[in-house]
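# Remarks on the overall topology
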Amino acid sequence: MTRSQEIDVTENSLVGELKKHIGAGRIRFQQERHTDHLLGMEINGVTVTEDLQVLVLELSKLSPRPITITSVIRGGRGHHSLGRAVDLNEDVAPVLLPLIGTPDPVERLSIDELIFDAGTVGKTNRNLWNFDRGKPHSYGETTLAQHRNHIHFSVRHRG
Ligand SMILES: [Zn+2]
């Protein structure tokens with residue numbers, strides 16, 4: 001069975017919507033394998049959660065410019081290894097984060113973590129749009145330093 005056939009078997013309306021946005025160039029990928037991750041392919045026993053797919057679709061709808069995904073499932077610790085996190089290229093930060101990094105959208109979209117160093121786009125409050133466990137949060141220097149060239153999102157665990 002080919003990759004595309006496997007994806008078709010599990011296709012639902014959410015995956016269909018994501019494919020439309022991908023086809024329209026609204027959701028882009030730094031590496032081709034990130035497309036498979038987002039559309040639900042199992043990677044070492046891990047698949048992305050439906051909440052994460054919903055989040056990416058909403059980010060695409062909200063963003064005035066196309067979004068570029070730079071990481072989805074990867075090894076190690078943390079939410080990426082659980083299929084609950086996605087990284088975006090930082091180019092959309094100034095236009096997208098004011099629309100998403102506030103309590104209402106964070107609650108509505110079940111966001112757990114949102115991490116980006118707003119100092120890189122000239123904001124005095126480097127934690128301006130940051131959340132942890134769904135609440136506004138000030139990350140320390142080490143974490144901020146790791147989130148200057150991408151925006152990290154994770155969704156909450158259900159269960
Ligand atoms: Zn990340």
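The paragraphs below set out a description of the structure included in this document. Please read these numbers as outputs of a predicted model, since none were measured by experiment.

## A word on the overall build of the protein
Along the backbone of the protein there are seven helices and seven strands. Counting from the amino terminus, helix and strand elements in the protein follow one another as α-α-β-α-α-β-β-α-α-β-β-β-α-β. In terms of C-alpha radius of gyration, the protein reaches 15 Å, essentially the compact-globule figure of 15 Å for 159 residues. Taken along the three principal axes of its C-alpha coordinates, the protein extends 50 × 30 × 25 Å. Residues classed as buried in the protein amount to 33% of the 159 residues present. Pairs at least 24 residues apart make up 66% of the contacts formed inside the protein by residues separated by at least 6 positions.

## What to know about the packing of helix α2 (residues 13–23) against helix α4 (residues 50–62)
Describing two packed helices takes the angle between their axes plus the distance from one axis to the other. Where α2 contacts α4, the two axes come as close as 10 Å, and the packing angle between them is 35°. The element α2 and its partner α4 pack so that their crossing is left-handed. Seen from α2, the contacting residues are Leu14, Glu17, Leu18 and His21; seen from α4, they are Glu50, Gln53, Val54, Val56, Leu57 and Ser60. Its residues placed into classes, the contact of α2 with α4 shows five nonpolar, three polar and two charged.

## Some points on the nonpolar core
Leu55, Val56, Val86 and Ile111 are the most contacted members of the largest nonpolar core, which has 33 residues in total. Among the elements of the structure, α4, β2 (67–71), β3 (85–89), α5 (93–100), β4 (111–115) and β7 (150–155) are those that each provide at least two residues to this core. In terms of residues, this core owes the most to one element, α4, which gives five residues. The residues contacting valine 86, other than those within four sequence positions of it, are Leu52, Val56, Ile69, Val72 and Phe153.

## Structural notes on the pairing of β2
Relative to β2, strand β1 (residues 27–29) runs parallel, the two sharing three bridges. The residue bridging isoleucine 27 from the neighbouring strand is isoleucine 67, located in β2. Pairing of β2 with β3, which is carried by two bridges, proceeds in the antiparallel orientation. Its bridge partner lying in β3, isoleucine 69 is registered against leucine 88.

## Overview of the pairing of β7
With respect to burial, β7 is a largely interior element, six of its six residues being buried. In the sheet, β3 pairs with β7 via five bridges, with the strands oriented antiparallel. Across the sheet, residue leucine 88 finds its bridge partner in β7, namely isoleucine 151. Note that β4 and β7 share four bridges and pair antiparallel. Residue pairing for β7: isoleucine 111 is matched across the bridge by valine 155.

Parameters and conventions
Residues numbered from 1 in each chain as written. Predicted model: local features only at pLDDT ≥ 70, side-chain atom pairs only at ≥ 80, totals over all residues. Helix = DSSP H or I, 4+ residues; strand = E, 2+ residues; numbered from the N terminus. Rg over C-alpha atoms; globule rule 2.2 N^0.38 Å. Buried ≥ 20, exposed ≤ 12 C-beta atoms within 10 Å, placed from the backbone. Contact = placed C-beta atoms within 7 Å. Axes fitted to C-alpha atoms, helices over the stretch in contact; angles between N-to-C directions. Left-handed = near helix turned anticlockwise from the far one by under 90°. Nonpolar A, V, L, I, M, F, W, Y, C, P; charged D, E, K, R; others polar. Core = buried A, V, L, I, M, F, W, Y, C linked by C-beta atoms within 7 Å. Pairing = 2+ DSSP bridges.

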